[in-house]
Amino acid sequence: MSLDKDQVQRIAVLARLRLADDEFGETVDKLSRIVDFVDQLGQAATDNVVPMAHPLDEAQRLRVDEVTESDSRDAIQENAPLVENGLYLVPKVIE
Amino acid sequence: MSSSWEVVIGLEVHAQLATRSKIFSGASTAYGAEPNTQACLVDLGYPGVLPVLNEEVVRMATKFGLAVNATIARRSVFARKNYFYPDLPKGYQISQYELPIVEHGELFIIDADGNDKRIGITRAHLEEDAGKSIHEGLAKSSGIDLNRAGTPLLEIVSEPDLRSAKEAVAYMRKIHALVRYLGISDGNMQEGSFRCDANVSVRPRGQEELGTRSELKNLNSFRFVEKAINFEIERQIELIEDGGEVVQETRLYDSDKDETRSMRSKEEANDYRYFPDPDLLPVEIDAAFVDAVRETLPELPDAKQQRFIKEYGLRVDDADILTNSRALADYFEAVVAATQGKTQGVANFVIGDLLGALNRDGFDIEQSPVTASDLAGLLDRIKDNTISGKIAKEVFDAMWAGEGTADDIIEARGLRQITDSSAIESVIDQVIAANPGQVAEYKAGKDKLIGFFVGQVMKETGGKANPGQVNKILKEKLS
Amino acid sequence: MSQDLHAQTLTQLAVGLERGDFSSVELTEALLDRVAAHDQSLNAFVTVTADAARAAAKRADAARAAGDIGVLNGLPLVHKDIFCTKSVLTTCGSRMLENFVSPYDATVVERLANAGAVVLGKTNMDEFAMGSSNETSYFGPVRNPWNPDCSPGGSSGGSAAAVAARLAPAATGTDTGGSIRQPAALTGTVGLKPTYGRVSRYGMIAFASSLDQAGVITRSSEDAALLLGVMAGFDERDSTSIDHPVPDYTAALSGSLKGLRVGVVRQHFDEGLDEQCAAAVRESLAVLESQGAILTDVDLPNLDLSVPTYYVVAPAECSSNLSRFDGVRYGHRAKDPDDLFDLYCRSRGEGFGAEVKRRIMTGTYVLSAGYYDAYYLKAQQVRQLIAEDFRTAFADVDVIAGPTSPTPAFKLGDKIDDPITMYLNDIYTIGANLAGLPGMSTPCGFVDGLPVGLHLVGPHWGEETILRCAHHYEQLSNWHQACPEDYE
């Protein structure tokens, strides 16, 4: 098993995912198999190979600095689970 | 503070760029709108939407880079900084990581000994701002306003070249003046358009290796920067001298208590998992673009200061104040151009009276009720002896209050200076006759009493007598 | 009214509408009837938009009467439920978005609507497009019209099944590692994934941004060409969409195959490929050769690494893309959270299914401190090697041809417990995504009553060539006209 329970738990916290108890063991097993599988990348000779982030070698196009959006808060917030006075609500955040 | 310790500070200044629309969306950046009315689908991180880069931010970052003599990257890359927080709608912030748009810059501050000191600018990169969490008025919840999300920021990172809180403030002021000169940020600190984080550490003097640093977050005034850093320096030194160890952490400055305190880390173990944003392509800047931006650069603060010293014969500290903002420098030069008065006199009036009034009323120079040409008109009246410098202050206050031009006020209040020698002589004669004791003392050699006589004459004339003439005639009569 | 409207291709229907043989309203009603009759068993649809379709058909008929029509006027189609549609649910096959109504239309949706298309509904898919069998959908698996015990492939399985079963003449799909081409192969339909940047991704819910590309599933290459012409082209709302001229894809279909250099990748026929599938593909290559195409061996030395590369790059991007689903602004929100952390963890834990969670976690892992270089950076380098392999190959050939999938449709439940076996389904298709190349699948035979696909890959912007090649092949083979018995 290339990943242990603690590692998987740490990843789950980082990814903000609650795994049910009955999901957890299976996740450790399957993630380990995936990691073992992608480990074969280690064999590839990649010295001096430029990493490829995009399939096409193009440059970013720039947008003219104009305000094109108008307020549509009420329509957008129809999807929001919990709002008050136009604010999205979350459990109290203490800084 | 113990002098056996050396303080090492690096600043990360966040300047909000003065664009109309956001960095990756067409929503307005205007301040103060109702919550979430300026957060469009892109700012909200809606499913399926994509960022498109605002060209103005590239131009502004380039402008800044040129102004600090930096390298403008031909190719820079946006990356995602991943973490969960309610004010960060996408769960990542689009920033620049490995390949920022500006690198290897510098600027100069004046250190404690009055010498120029070079402060390195490691990099300046573009990124989007987060939204705001609101805690007041909500019982068990925090409310999220995402109007600010996606506002363009230029994060300017200094080398750890600063050696005191004072130097840090001087550096920050310099950056503040610069971004406003360049017109790339309004620098408004109350609205959070200009703020900084400070990395502070101490080490025994002579030690090469840096001490462990703490990061002070969100310092949004020059005063707080100085106080927070000084508090933090003391705290670290005390801690080490008591046998403790500084831990690397983020601390928040509490201005009410004037102390810094540890912030519970946003993510237990910060692991931002930076990687190139696949929704954005590399930003490529060619020489023609850089040249075109260079053409638009205004005269920069340091150059302007040197010119003011040379061209107007100003003292260094006066030139420094007058070039602090481009608007103030422009105002000064407009007055100089319009008045017959002496340049140093203009500087004195602008720095003393005008800036005093602006500070008192909380105005920016742009909001001054007395325009440059109005002020020039006032100074002309001093120059042509219509009024004295002292009366000029009264006239200025009336102009400030909106009572009209200098000439209107001088006329309406009858402030015209008395330059008629016979009129002055008759007042002087009265004063001499009324104060025989002082006259005797003066004649016995107490020269300083001349001030007393001048004062009496001025009192009698309501300050309108020409002081030069009064002096001259008094001395003749008393000799 | 003719009883077999459903049997006609998009191009044939366009002719019929133009001639006035039937109206768009009649056509739409006929297809809605079929959807009502068959979708209980197929489960190809998440949402049927019957009322909106009827209204759109009426408008299309009125527009035709007024003489003001787009190229798709009155033609029905379906959208994969990954495309945002205003006023209609967009679920992405997930509980997370079970009740999500997009406030805007995806560019693809908008362009097809502007051309006059009538949308019958939104099709089922693997959750967030993560899957190759349609079994990861929150709304249950889609069944293959050729055999209800089999998967239609995925992730665009609902689109493929709907087209194969003649419930709609055409469907949109998205392809991140083979999600259009593999289900097309497994259902006997034509699937086209264009060059990366050819079609706007705006409004297409992102899985892996540097790999995702929108395309179509149809019953002929001719239909695919027709739709691509409408969908393709620069979109200022997508920074990765490229301002490259859009050719007349329909015109490009004609012209001979004489001298066309067709590359055949030796490794494609190594172990892993079902022997009967291999035979069907070889036969189809012989057909191309008979038309004057020149078969050439090409080598893609890093082919074996394409699946592991993909399973680093795609999860990495997905882990970040799916962070926005946090239960705050839209989507599933857990009940009575203890605190913010609990809100996040439970909303996401409950809202996402097992495969999506696995991919998010894989991606989180490969990007995390200490592993980035060994996995993510390494994968980006290998991706470059794979792209280079294709660049080298396309110096000598115009098209690369081979199998789309290693096996015909597999049984539902057969592979879902073994992620690696499932992932290897995409071994032949993933390379095109990594390199950003256009690829398509067209039917080339049957194995045990299940369709097999011929995979054609072109160089960047090479859609015209692969469409021409597939179109010619279809004229000679007619496999694409085969219809599952229960859906004739």
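Residues numbered from 1 in each chain as written. Chains lettered and ligands numbered in written order. Predicted model: local features only at pLDDT ≥ 70, side-chain atom pairs only at ≥ 80, totals over all residues. Heavy atoms only, no water.

(A) Spotlight on the interface of chain C and chain B. Listed per partner, the contact involves 37 residues of chain C and 30 residues of chain B. Among the residues of chain C in contact with chain B, Ser239, Arg324 and Arg329 of chain C are the three that bury the most area, contributing 22% of the side total. Connecting chain C to chain B are 1 salt bridge. With its nearest N and O atoms 3.0 Å apart, the salt bridge here joins Arg201 of chain C to Asp279 of chain B. Across the contact surface, chain C and chain B share 17 residue pairs in polar contact (both at pLDDT 80 or more). Elements represented by at least two residues in the side of chain C that touches chain B include exactly α9 (306-321), α10 (340-351), α11 (354-367) and α12 (372-393) of chain C. In terms of residue count, α9 of chain C provides more of the side of chain C that touches chain B than any other element does, 4 residues in total. Partitioned by chemical class, the residues of the side of chain C that touches chain B number 17 nonpolar, 11 polar and 9 charged. (Contact = heavy atoms within 4.5 Å. Buried area = accessible area lost by both parts, 1.4 Å probe. Salt bridge = Lys/Arg side-chain N within 4 Å of Asp/Glu carboxyl O. Polar contact = N/O pair within 3.5 Å; in protein donor to acceptor, adjacent residues only side chain to side chain. Helix = DSSP H or I, 4+ residues; strand = E, 2+ residues; numbered from the N terminus. Nonpolar A, V, L, I, M, F, W, Y, C, P; charged D, E, K, R; others polar.)

(B) How the structure looks around helix α10 (residues 389-400) of chain B. Residues and elements named next belong to chain B. When the terminal C-alpha atoms of α10 are compared, their 16 Å separation across 12 residues agrees well with the 16 Å that a helix rising 1.5 Å per residue should span. Where α10 is concerned, the buried positions are Ile391, Ala392, Val395, Phe396, Ala398, Met399 and Trp400. Buried-residue contacts for α10 involve α8 (343-361), α9 (372-383) and α11 (406-413). Just downstream of α10, Gly402 is the residue with a positive phi angle, here 90°. (Expected span 1.5 Å × (residues − 1). Buried < 20%, exposed > 50% of the residue type's maximum accessible area, 1.4 Å probe, protein only.)

(C) Region of interest: the environment of Glu249 of chain B. All names here are of chain B. Along the chain, the position of Glu249 falls in strand β14 (residues 249-254). The residues contacting Glu249, other than those within four sequence positions of it, are Arg213, Ser214, Glu215, Arg235 and Ser262. There is a polar contact of 2.7 Å between the side chain of Glu249 and the side chain of Ser262.

(D) Examining the domain arrangement of chain B more closely. All names here are of chain B. The domains assigned to chain B are domain 1 (5-293), domain 2 (299-413) and domain 3 (421-478). With centres defined by C-alpha atoms, the gap from domain 1 to domain 2 works out at 36 Å. Contacts between domain 1 and domain 2 engage 8 residues on the former and 10 residues on the latter. Summed over both partners, the interface of domain 1 with domain 2 buries about 800 Å², with 57% contributed by carbon and sulfur atoms. (Domains from an automatic or database assignment.)

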